[in-house]
Number of protein chains: 2
Amino acid sequence: MTTTIKDIAKYTGLSISTISKYLNGGNVLERNKKLIEEAIQTLDFKVNEMARGLRTNRTMTVGVLIPSLENIFFTSIVSNIESMLLKEGYSTIVCDYKEDPRLEEKKLQFLFDKMVDGIVLMPVPGNDNLVKEIIARGTPLVLIDRLVNDVDCDVVLVDNLNASYNAVEQLIIRGHRRIGIIVGPQNIYTAQERLKGYIRVFEDYGLKVDPNLIKYGDYQIESGYHLLLELMKIDPPPTAVYVTNYEMTIGSIIAINENNIRIPDDISFIGFDNQDLTRIVKPALSIVVQPVQQIGETAAKILLKRMRKDQKGFPVVTRLKTELLLRDSIKKVEG
Amino acid sequence: MTTTIKDIAKYTGLSISTISKYLNGGNVLERNKKLIEEAIQTLDFKVNEMARGLRTNRTMTVGVLIPSLENIFFTSIVSNIESMLLKEGYSTIVCDYKEDPRLEEKKLQFLFDKMVDGIVLMPVPGNDNLVKEIIARGTPLVLIDRLVNDVDCDVVLVDNLNASYNAVEQLIIRGHRRIGIIVGPQNIYTAQERLKGYIRVFEDYGLKVDPNLIKYGDYQIESGYHLLLELMKIDPPPTAVYVTNYEMTIGSIIAINENNIRIPDDISFIGFDNQDLTRIVKPALSIVVQPVQQIGETAAKILLKRMRKDQKGFPVVTRLKTELLLRDSIKKVEG
DNA sequence: ACCATAAAACGAAACGTTTCGCGAAACAAA
DNA sequence: TTTGTTTCGCGAAACGTTTCGTTTTATGGT
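Residues numbered from 1 in each chain as written. Chains lettered and ligands numbered in written order. Predicted model: local features only at pLDDT ≥ 70, side-chain atom pairs only at ≥ 80, totals over all residues.

1. Some remarks on the overall build of chain A
Across its full length, chain A holds 13 helices and twelve strands. Against the 2.2 N^0.38 benchmark of 20 Å for 335 residues, chain A shows a C-alpha radius of gyration of 26 Å, more extended than a compact globule. For the C-alpha atoms alone, the extent of chain A along its principal axes is close to 85 × 40 × 35 Å. Counting only residues that meet the buried cut, chain A has 45% of its 335 residues in that class. Within chain A, contacts between residues separated by at least 24 positions form 69% of all contacts whose residues are at least 6 apart in sequence. (Helix = DSSP H or I, 4+ residues; strand = E, 2+ residues; numbered from the N terminus. Rg over C-alpha atoms; globule rule 2.2 N^0.38 Å. Buried ≥ 20, exposed ≤ 12 C-beta atoms within 10 Å, placed from the backbone. Contact = placed C-beta atoms within 7 Å.)

Printed below as a string of structure tokens:
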């Protein structure tokens, strides 16, 4: 049926243990090495990962647990993680918990039962004990995008605070004072950080934040649409608006266009996440771009390292920089 | 360390094989059953899937191979598949091949090496031999969304032809004759079908198709944006337009709003895929909605069946209906 | 040619299950 | 009771690797 290490042994005349040694990078005579390689080729041998795993207690499998598979930010990170891990022979089990803490727990248990060698997790707020449990079990874990308090754990973050700070600062520099922000739910770490950056830059410039200009959405298209209109109804309306994720940016753009609000004459605009929007929307939209590729790659790399039992620098907190693309959606206003 | 079937045997005083029999649903005395269950509870026993797999040649693992993880249509299908499979104890290994046939091949090989028990595939056009290879190996396979010629295989499709037919028919019924279509790449099965439906309804109504009104895009936001503008530049412009996927619909909407084109006065509009747009865009957008949940569930169900060695009805071709949401983006025109 | 030492190959046990054939026990019918 | 039949439990082998301690082979210095 399928060819095993035994068949290779027979073919080469060597013993099973020698073949195994070869497979695991041990010392084997050059001559035998060639022989084994030939055998592997002609017999089309593939290591049986289950047999190997049974002995070594490794599954060559990594679990990735994200809030939703319907959010491009998350899935493009997953895509990058998957590519990196595959290169090292790991397969990626993707689970989404649909933003539901109970599902998160259930799926995490599932990953444990499957004895994954490592886990990448974007935790839901509040479920901190879950994270502690993973760590207690000794399963290598990398957190992504969201921080958990009081826990030592490798984590890959985006510098959301400075992302906001820099974006809003550009507006302030250009004379804007009434700057609206459409921000995510305040129990979500990234949303908190993005709001903090907004507030801090006002403080640093000695300006007062008008709480009416802070709108809390749910990271969906629809809330972007409605909150933008709410902002514009305020009297006087803000002269600029900063929208803090992709879906809400799309929603805001639709609202703006539909209502013949002009960018940047009626309002200056900075959006989030999707670089394409810069090219598509007229005038070209200014955008905060997150380094999705780097996030995925960094997370994969550190997880691979930990799975190799390399604990150097633990816990490593990586905070990646965003990029601010300034285009034509911002105008100067007179102080 | 971890508790094994051996520990359960010791705890209960029964033999290993009896425990195994219990685990696999064999006949065990009620009294012993209770005893075993208690032991499993208190010792927190979990079957070692690798040891089991080594014996049974099953990995309890399914591979899902999709063109891209950055397309919501695909990922929401994956989400549903994953949920269904998890209920039966299967884990889902997700791979995306970034629309690249060579990557598709590589990742498929990877899935083979991992000895997945089944595969769900959205094949790239042209790589038909890949599909044949999977079938030759005897690995249960379900195709999704795209058909492959000359191959017997279970497949879950969307009735794209009638989706288009019905949508465009509504436009014709309301008096439209010059109807633009923004369609996907013509080497992609779904795009072909969507175009066919458009053409057929014209034929059925004895109308002539104007090839200038057919615009071929690449399913990305940007092409929706540009192609819509191209259509509007035609003299005379179409009175209605039908856009055939989510990203291009978004692009078109942005183009329309930016250029102060009015829906439905200047142009009637039918979009695709994302139900939310109905609620967000003003006036409410008419949309063709694909049954993503059903697609995922159907695919998972039939795959589970095949993995149970149940070959009933093979090959099953499921063609799911789309839903047409008619809203305010269509107006009547005088014949 | 000889010994010491290093390098390479070997054999057997172990990982945690399932499965198969057989024996024991339980039960029903005679 | 005896016999026949069904139900349940048991022991041992097997799945394809890795690993460890040991034996064999190669190497090099004298």
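And the narrative resumes.
2. What to know about the protein's contact with DNA strand D
Lining the immediate surroundings of DNA strand D are 28 residues, of which Ile5(A), Ser20(A), Ala51(A), Ser17(B) and Asn27(B) lie closest. Mapped by element, the contributors of at least two residues to the surface near DNA strand D are helix 1 (5–12), helix 2 (16–23) and helix 4 (49–56) of chain A together with helix 2 (16–23) and helix 4 (49–56) of chain B. Considered class by class, the residues forming the surface near DNA strand D number eleven nonpolar, twelve polar and five charged. (Near = placed C-beta within 6 Å. Nonpolar A, V, L, I, M, F, W, Y, C, P; charged D, E, K, R; others polar.)

3. Let's talk about the interface of chain A and chain B
Counting residues at the interface gives 40 residues for chain A and 40 residues for chain B. Broken down by secondary-structure element, the contributors of at least two residues to the side of chain A that touches chain B are helix 4, helix 5 (72–87), strand 2 (91–96), helix 6 (101–113), helix 10 (221–233), helix 11 (246–258) and helix 12 (276–280) of chain A. In terms of residue count, the dominant contributor to the side of chain A that touches chain B is helix 5 of chain A (seven residues). When the residues that make up the side of chain A that touches chain B are grouped by side-chain class, the tally is 18 nonpolar, ten polar and twelve charged.

4. Describing helix 3 (residues 30–43) of chain A
All names here are of chain A. Here helix 3 is 14 residues long and its end C-alpha atoms lie 20 Å apart, about the 20 Å a rise of 1.5 Å per residue gives. Among the residues of helix 3, Ile36, Ala39 and Ile40 are the ones counted as buried. Projection of helix 3 onto a plane perpendicular to its axis shows the buried side chains occupying an angular sector of 100 degrees, all on one side. For helix 3, exposure combined with an orientation more than 90 degrees from the buried face picks out Glu30, Arg31, Lys34, Gln41 and Thr42. In the segment just after helix 3, Asp44 is the residue with positive phi, at about 55 degrees. (Expected span 1.5 Å × (residues − 1). Arc of directions from axis to C-beta.)

5. Quick look at the sheet that holds strand 6 (residues 179–183) of chain A
All names here are of chain A. Reading across the sheet, the six strands line up as 7-6-8-9-10-12 and stay open at both edges, with mixed pairing between neighbours. Every interior strand has two partners, whereas the edge strands, strand 7 (214–216) and strand 12 (323–325), have only one. Between one strand axis and the next, the sheet turns through 15 degrees on average, direction left out of account. Sheet topology note: the strand 6/strand 7 ladder contains three bridges and is parallel. Bridging from a neighbouring strand, Ile181 pairs with Ile214 of strand 7. (Pairing = 2+ DSSP bridges. Axes fitted to C-alpha atoms, helices over the stretch in contact; angles between N-to-C directions.)

6. Some points on the pairing of strand 2 of chain A
Residues and elements named next belong to chain A. Across the six residues of strand 2, six count as buried, placing the element largely inside the fold. Residues of strand 2 alternate between two faces, with Ser91, Ile93 and Cys95 on one and Thr92, Val94 and Asp96 on the opposite face, all of them buried. Bridging between strand 1 (residues 61–66) and strand 2 involves six bridges; their strand directions are parallel. What sits directly across from Val62, in strand 2, is Thr92. A crossover connection joins strand 1 to the parallel strand 2 through helix 5; in handedness this β-α-β unit is right-handed. (Right-handed = clockwise from strand over helix to strand, strands pointing away.)

7. Quick notes on the protein's contact with DNA strand C
Around DNA strand C sit 28 residues, and of these Ser15(A), Ser17(A), Asn27(A), Ile5(B) and Ser20(B) come closest. Of all the secondary-structure elements, those providing two or more residues to the surface near DNA strand C are helix 2 and helix 4 of chain A together with helix 1 (5–12), helix 2 and helix 4 of chain B. Residue composition of the surface near DNA strand C, grouped by class: eleven nonpolar, twelve polar and five charged.

8. Focus on the environment of Val142(A)
Residue and element names in this part refer to chain A. On the secondary structure map, Val142 appears in strand 4 (residues 141–144). In the structure, Val142 is positioned 177 residues away from Arg319 in sequence and 13 Å away in space, judged by C-alpha atoms. With residues near it in sequence (within four places) discarded, Val142 still touches Val120, Asp154, Val155, Val156, Ala299, Ile302 and Leu303.

9. Examining the sheet that holds strand 8 (residues 240–243) of chain B
Pairing between sheet strands relies on hydrogen bonds along the backbone, with the strands arranged either parallel or antiparallel. Residue and element names in this part refer to chain B. Reading across the sheet, the six strands line up as 7-6-8-9-10-12 and stay open at both edges, with mixed pairing between neighbours. Each edge of the sheet is formed by a strand with only one pairing partner; in this case those strands are strand 7 (214–216) and strand 12 (323–325). Shown here is a sheet whose adjacent strand axes are inclined to one another by a mean of 15 degrees, direction ignored. Of the strands in this sheet, strand 6 (179–183), strand 8, strand 9 (268–272), strand 10 (286–289) and strand 12 touch helix 8 (residues 160–173), which is tilted by about 165 degrees from strand 8.

10. Considerations on the relation of the copies chain A and chain B
Mapping chain A onto chain B calls for a rotation angle of 180 degrees and an axial translation of 0.0 Å; the resulting RMSD is 0.0 Å. Between the two chains, the operation in question is that of a two-fold axis. (Least-squares fit on C-alpha atoms with pLDDT ≥ 70 in both.)

11. Some remarks on helix 10 (residues 221–233) of chain B
Between its first and last C-alpha atoms helix 10 of chain B spans 19 Å; for 13 residues at 1.5 Å apiece the expected length is 18 Å, and the two agree. When helix 10 of chain B is considered as a whole, its buried residues turn out to be Ile221(B), Ser223(B), Gly224(B), Tyr225(B), Leu227(B), Leu228(B) and Leu231(B). Where helix 10 of chain B is buried, its residues meet helix 12 of chain A together with strand 6, strand 7, strand 8 and helix 11 (246–258) of chain B.

12. Focus on the packing of helix 11 of chain A against helix 11 of chain B
Relative to each other, helix 11 of chain A and helix 11 of chain B sit at 30 degrees, their axes nearing to 8 Å. The angle between helix 11 of chain A and helix 11 of chain B falls in the class roughly parallel. With respect to the hand of their crossing, helix 11 of chain A and helix 11 of chain B are arranged in left-handed fashion. Across from Ile250(A), Ile253(A), Ile254(A), Asn257(A) and Glu258(A) in helix 11 of chain A, the residues of helix 11 of chain B making contact are Ile250(B), Ile253(B), Ile254(B), Asn257(B) and Glu258(B). Per-class residue counts for the contact of helix 11 of chain A with helix 11 of chain B are six nonpolar, two polar and two charged. (Parallel < 35°, antiparallel > 145°, perpendicular 65-115°, else oblique. Left-handed = near helix turned anticlockwise from the far one by under 90°.)

13. As for unusual backbone geometry
Between Ile263(A) and the following residue, Pro264(A), the backbone shows a cis peptide bond with an omega angle of 0 degrees. Relative to the helices and strands, Pro264(A) resides in the loop between helix 11 and strand 9 (268–272). Omega for the bond connecting Lys282(A) with Pro283(A) falls within 30 degrees of zero, at -5 degrees, which places this linkage in the cis form. For Pro283(A), the position within the fold is in the loop between helix 12 and strand 10 (286–289). The residue Tyr219(A) is not glycine, and still its phi comes out positive at about 65 degrees. Positive phi outside glycine occurs at Asp273(B), with the angle close to 85 degrees.

14. As for the packing of helix 1 of chain B against helix 3 (residues 30–43) of chain B
Residues and elements named next belong to chain B. Across the interface, helix 1 lies against helix 3 with an axial gap of 9 Å and an inter-helix angle of 125 degrees. If you check the angle between helix 1 and helix 3, you find them oblique. In the crossing of helix 1 with helix 3, the sense of the turn from one axis to the other is right-handed. Contact residues: helix 1 offers Asp7, Ile8, Tyr11 and Thr12, while helix 3 offers Asn32, Leu35, Ile36, Ala39, Ile40 and Leu43.

15. Focus on the environment of Tyr22(A)
Residues and elements named next belong to chain A. Within the fold, Tyr22 resides in helix 2. Tyr22 gets classed as buried once you count the C-beta atoms within 10 Å, which come to 22. Distance from Tyr22 to Met232, taken between C-alpha atoms, is 69 Å for residues 210 residues apart in sequence. Leave out the neighbours within four places in its chain, and Tyr22 touches Val28, Lys33 and Ile36.

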